[in-house]
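Understanding the architecture of this molecule
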2 protein chains.
Amino acid sequence: MVEYSQMLEEMKGVKSRVDRLLLEDILPKTHMIAEVELLYKMMRDYPERGGKGMRPFICVTSCRAFGGSEDEALLTASCLELFQNWILIHDDIEDGSELRRGAPALHKKYDWTLALNTGDALHGRMWQALLRNREILGVERTLDIMDEFARMINETTEGQQMELSWVVGKNWRLSEEDYYRMCTKKTSWYTVISPMRLGGIAAGADPQTLRSLIDAGTTLGVAFQIHDDVLNLSAGAKYGKQYADDLLEGKRTLILIRLLQVGTSEEKQRMVELFAMPREERKAHLDEILEMIERYKVLGFANERAANLLGQALSTLRTVRWPGDREAVSRLEEIARYSVERDW
Amino acid sequence: MVEYSQMLEEMKGVKSRVDRLLLEDILPKTHMIAEVELLYKMMRDYPERGGKGMRPFICVTSCRAFGGSEDEALLTASCLELFQNWILIHDDIEDGSELRRGAPALHKKYDWTLALNTGDALHGRMWQALLRNREILGVERTLDIMDEFARMINETTEGQQMELSWVVGKNWRLSEEDYYRMCTKKTSWYTVISPMRLGGIAAGADPQTLRSLIDAGTTLGVAFQIHDDVLNLSAGAKYGKQYADDLLEGKRTLILIRLLQVGTSEEKQRMVELFAMPREERKAHLDEILEMIERYKVLGFANERAANLLGQALSTLRTVRWPGDREAVSRLEEIARYSVERDW
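Scoring rules and cut-offs
Residues numbered from 1 in each chain as written. Chains lettered and ligands numbered in written order. Predicted model: local features only at pLDDT ≥ 70, side-chain atom pairs only at ≥ 80, totals over all residues. Helix = DSSP H or I, 4+ residues; strand = E, 2+ residues; numbered from the N terminus. Rg over C-alpha atoms; globule rule 2.2 N^0.38 Å. Buried ≥ 20, exposed ≤ 12 C-beta atoms within 10 Å, placed from the backbone. Contact = placed C-beta atoms within 7 Å. pLDDT = per-residue confidence, 0-100. Nonpolar A, V, L, I, M, F, W, Y, C, P; charged D, E, K, R; others polar. Axes fitted to C-alpha atoms, helices over the stretch in contact; angles between N-to-C directions. Parallel < 35°, antiparallel > 145°, perpendicular 65-115°, else oblique. Left-handed = near helix turned anticlockwise from the far one by under 90°. Least-squares fit on C-alpha atoms with pLDDT ≥ 70 in both. Core = buried A, V, L, I, M, F, W, Y, C linked by C-beta atoms within 7 Å. Expected span 1.5 Å × (residues − 1). Arc of directions from axis to C-beta.

1. Details of the overall build of chain A
Within chain A, the secondary structure is distributed over 16 helices and two strands. Against the compact-globule benchmark of 20 Å for 344 residues, chain A has a radius of gyration of 20 Å, which places it among compact chains. Expressed along its principal axes, the backbone C-alpha trace of chain A runs to roughly 60 × 55 × 35 Å. Counting only residues that meet the buried cut, chain A has 50% of its 344 residues in that class. When contacts within chain A are restricted to residue pairs at least 6 apart in sequence, those whose partners lie at least 24 apart make up 77%.

As C-alpha cells, then:
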C-alpha cells in the first residue's frame, strides 16, 4: 500500500507515543502483593500486543484538523486504546474467541474469571486516566471529553447487546438495515465518530461542528466493519484473528445476511441448520458455508457496499468546517480510504 | 433490632430517594430497538430488587456530618448503588453464584454473555450519571468525586483479583493478615471508606480530614465482611444469597482460614481435598465442613474478631473532626455498630 506509506508512518509514530504513555506512565507495573501484580500484568497484556492504533490516530489527526495540537489529544487518544483493550477482553469472553492480535485471547491465556475482572480494572483505569486531562485541557473540556466517552460506551454496549442477542436468540430474520443499525452502535461510535469528536473537543470545536461529524463517522464506521467482516474470510496471518472466526462465532455479518437473501430456500434452511450447531460441530462444515459465499459472490457484494459507503462518508467529510491544519484534513480522508482498503 | 429502628427508617428513606432517582431518571426504560430495550430491562433488574442501601446511606450521612446536605450527596450516593450493581453482576458470573437478593443471579435469569455486557453498560452509565454533579457541585468537586470513584474501582478490582486468584490457584496457605489485606481492598473501600469520603468531598471537607477516614473505614469494612461471612453460614431467607454459598464457591473466608489453623493435620488435609472438588461434588459434603466449623467454634472466633475491629473503628471515628450535624455523626456510629450486628 505504497500510496499510504507516509500516513502509515505517522500512524506508527502516534501509536508509539500512545504506547509509551500507556505502558510507562498510566498502567502500573509492580505491587507488593503477588496477585495484584498479576492483575497489572494481565492489564498490560493486550496493550503490549501492538495493533494499528487507527482510533488514536483519527483522534489526534482530527484534533489537528480542528486547529489543536497532538499534545492536546494524546492522552485522550491513549484512553481510546484503553477502551478498545478492555472491551476486547470482554468481547473475546462473550464471543468465545480463540485469538487476539495473533496470540491466545486473554481468557484462554489465563483463567477466564481473572480475565473478566481485568477488563473491569482496565475500564476503571481508563476513567482515571481521563481525569489527567484536567492539567492539559482544563476542567470544562475534561468533563466534555468524559461525556463523549460515556456516550461512546452506551452506544457500543447497545450494539454489542444487539449482536449477542441475535446469536443467543438464533435470530436470522435480519435485514441489511438491521445490520447497519447494529454496526453503527457496535463499531461506528468507538471507531470513527467519537475519535473524531474527541479530537474536536480537545481542540475546542463548537457543538454544531461536533454534531456534523456524526453522519460521516456513521457511514465510515459501517464501511470499516463490512471490510473487517470481509478480511475475516480472506486475510492472511497478519490479521491476528483466527481465520473465519466470525463464522465459528455465528456473527451476523452483512455477508451472511446477504447469503440468506440470495440463496434458495433449501440453502437458507441449511444455513440456519449449520448455525444452530455448536461451534465445534460447525467447524467441520466451514467449507460448505465458504463455498456458498464464493458461489454467490457475496464478498464482491460486500466490497461494493463498503466502497459506496466510503464514497458517501468522504463527501460528507468534505462539508465539515475544518479550521485547522489542511494536511491533517487530507490525512483524515486517507485514513477513511485506508480503513476500507487495508489488508489486515 | 429495636435500638436501630430510627436509623433504619432513615436508611429506608434515603434508599427510596436513591431508587427513584435511579429508576425514574438515570436508567433508561424504552428503546425502539427490541434488543436494546432488553439491555435496559437487564440494567434495571438488580436495582429493582431492593437491598438495604447501606452504602448510599453512609455517603449521605457522612455528607451531613461534614456540614453538607442530602441534596449535595444523593446523586453520588445513587452512583454508589450503580457501582454495587454492576460489580455484583460481574462477581456473580465470576463466582458462579446462584442467587442474588433472593432471586436468580442475572446470568442465571438471562444468557450469561448478555449479563456480562449489561454489567459493562451499567458501569458506563455510572460514570455518565456522575457527570451530572456538574450542576449540583460545580466542576471541581465533580472531578474530585470521579477521582475517588476511580480509586474505589482500582481497590475493589484488586481485591477481587486476590480472592479469585486464591480460588483459581487452589491456594490455602493464607494468614489472617492476607485475609485482612484482601478484604480491605475488596470490601472496605467501596463499602465504607469511599462512601464516607465521597460524602466528605460533596460537603467540601479538606484533604487531611478525608485521609483521616481511611483508617476507620478500613477496619469497619473488614468487620462488616467478617460478619457477612458469618451470616452466610447462619442467616435465614431474608439474607438473599444461597445458604453457605461461600463454601460452595470456595471463598477464602476468615472462618476457613481459621479452621485450617486450628484443625489437626488430618483435618487440614481433608479440607484441602474437599475444596479441590468441583462445586457440585462438594455440595454433598457441606455437613462435614459445617460440623468442623461448629466443633472448633469458629463462628464465635469470627464474631469476636469483628467485635474487636468494630471497637477500633469506633474509637478512630471519634478522632475525626466532623464540622456538621451532630445527629449525623451519631448515626454514623450506629451504622457502624449495625453493620456488624445486622441479621441480614
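2. As for the confidence of the model for chain A
Mean pLDDT over chain A works out to 94, with 97% of the residues at or above the 70 mark. Taken over the whole predicted complex, pTM reads 0.96, whereas the ipTM for its chain interfaces reads 0.96.

3. Side note on the interface of chain B and chain A
Across the boundary between the two partners, chain B contributes 39 residues, which contact 39 residues of chain A. Listing elements by their share of the side of chain B that touches chain A, those giving two or more residues are helix H2 (34-45), helix H4 (70-95), helix H6 (112-130) and helix H7 (133-168) of chain B. When residues in the side of chain B that touches chain A are grouped by element, the largest group, 18 residues, is from H7 of chain B. Counted by class, the side of chain B that touches chain A contains 18 nonpolar, 12 polar and nine charged residues.

4. Remarks on the packing of helix H3 (residues 54-65) of chain A against helix H16 (residues 326-339) of chain A
Relative placement of two packed helices is described by the angle separating their axes and the distance separating the axes. Residues and elements named next belong to chain A. It is the contact of H3 with H16, at a shortest axis distance of 8 Å, that shows an interaxial angle of 155 degrees. Taken together, the axes of H3 and H16 are roughly antiparallel relative to one another. When the axes of H3 and H16 are compared, the crossing they make is left-handed. Listed contacts from H16 to Met54, Phe57, Ile58, Thr61, Ser62, Arg64 and Ala65 of H3 are Ala328, Val329, Arg331, Leu332, Ile335 and Ser339.

5. Some points on the environment of Asp120 of chain B
Structurally, Asp120 of chain B can be placed in helix H6. As for Asp120 of chain B and Glu135 of chain B, which are separated by 15 residues in sequence, their C-alpha atoms are 25 Å apart. If we ignore the near neighbours within four places in the chain, the residues touching Asp120 of chain B are His90 and Thr157 of chain A.

6. Quick notes on the relation of the copies chain B and chain A
Superposing chain B onto chain A requires a rotation of 180 degrees together with a translation of 0.0 Å along the rotation axis, leaving an RMSD of 0.0 Å. Read as a symmetry element, the transformation amounts to a two-fold axis. Closest approach to the rotation axis among the C-alpha atoms of chain B is made by Val139 of chain B, whose C-alpha sits 3.2 Å away. Of all interface residues in chain B, 100% are interface residues in chain A too; the two copies therefore contact each other through one and the same surface.

7. Focus on the environment of Ala73 of chain A
All names here are of chain A. Counting through the fold element by element, Ala73 comes out in helix H4 (residues 70-95). With 66 residues separating them in the primary sequence, Ala73 and Val139 have C-alpha atoms 15 Å apart. Beyond its immediate sequence surroundings of up to four residues, Ala73 is in contact with Cys59, Val60, Cys63, Gly68, Gly199 and Ala202.

8. Brief notes about the nonpolar core
Counting 191 residues, the largest nonpolar core has Met126 and Ala223 of chain A together with Met126 and Ala223 of chain B as its most contacted members. Beyond its immediate sequence surroundings of up to four residues, Ala223 of chain A is in contact with Ala306, Leu309, Leu310, Ala313 and Val340 of chain A.

9. A short note on the packing of H3 of chain A against H4 of chain A
Residue and element names in this part refer to chain A. Remark: H3 packs on H4, axes separated minimally by 8 Å, with the N-to-C direction vectors making an angle of 155 degrees. Here H3 lies roughly antiparallel to H4, going by the angle between them. For H3 against H4, the interelement crossing comes out right-handed. Across the interface between the two elements, Arg55, Pro56, Cys59, Val60, Cys63 and Arg64 from H3 touch Glu70, Glu72, Ala73, Leu74, Thr76, Ala77, Ser78, Leu80, Glu81 and Gln84 from H4. Classifying every residue of the contact of H3 with H4 by side-chain character gives eight nonpolar, three polar and five charged.

10. Section: unusual backbone geometry
Although it is not a glycine, Lys170 of chain A sits at a positive phi angle of roughly 45 degrees. With respect to the secondary-structure elements, Lys170 of chain A resides in the loop between helix H7 (133-168) and helix H8 (176-203). Lys170 of chain A sits in the exposed class, given 10 other C-beta atoms within 10 Å. Although it is not a glycine, Lys297 of chain B adopts a positive phi angle of roughly 50 degrees.

11. Some remarks on helix H2 (residues 34-45) of chain A
Spanning 12 residues, H2 of chain A covers 17 Å between terminal C-alpha atoms, matching the ideal 16 Å at 1.5 Å per step. For H2 of chain A, the set of buried residues is Glu35, Val36, Leu39, Met42, Met43 and Asp45 of chain A. Taken end-on, H2 of chain A shows its buried residues confined to a sector of 160 degrees, consistent with a single buried face. In this structure, the buried side of H2 of chain A is in contact with helix H5 (106-109) and helix H6 (112-130) of chain A together with H7 of chain B.

12. Some points on H6 of chain B
With 19 residues, H6 of chain B extends 27 Å between its outermost C-alpha atoms, agreeing within 8% with the 27 Å of an ideal straight helix rising 1.5 Å per residue. Across the 19 residues of H6 of chain B, 17 count as buried, placing the element largely inside the fold.

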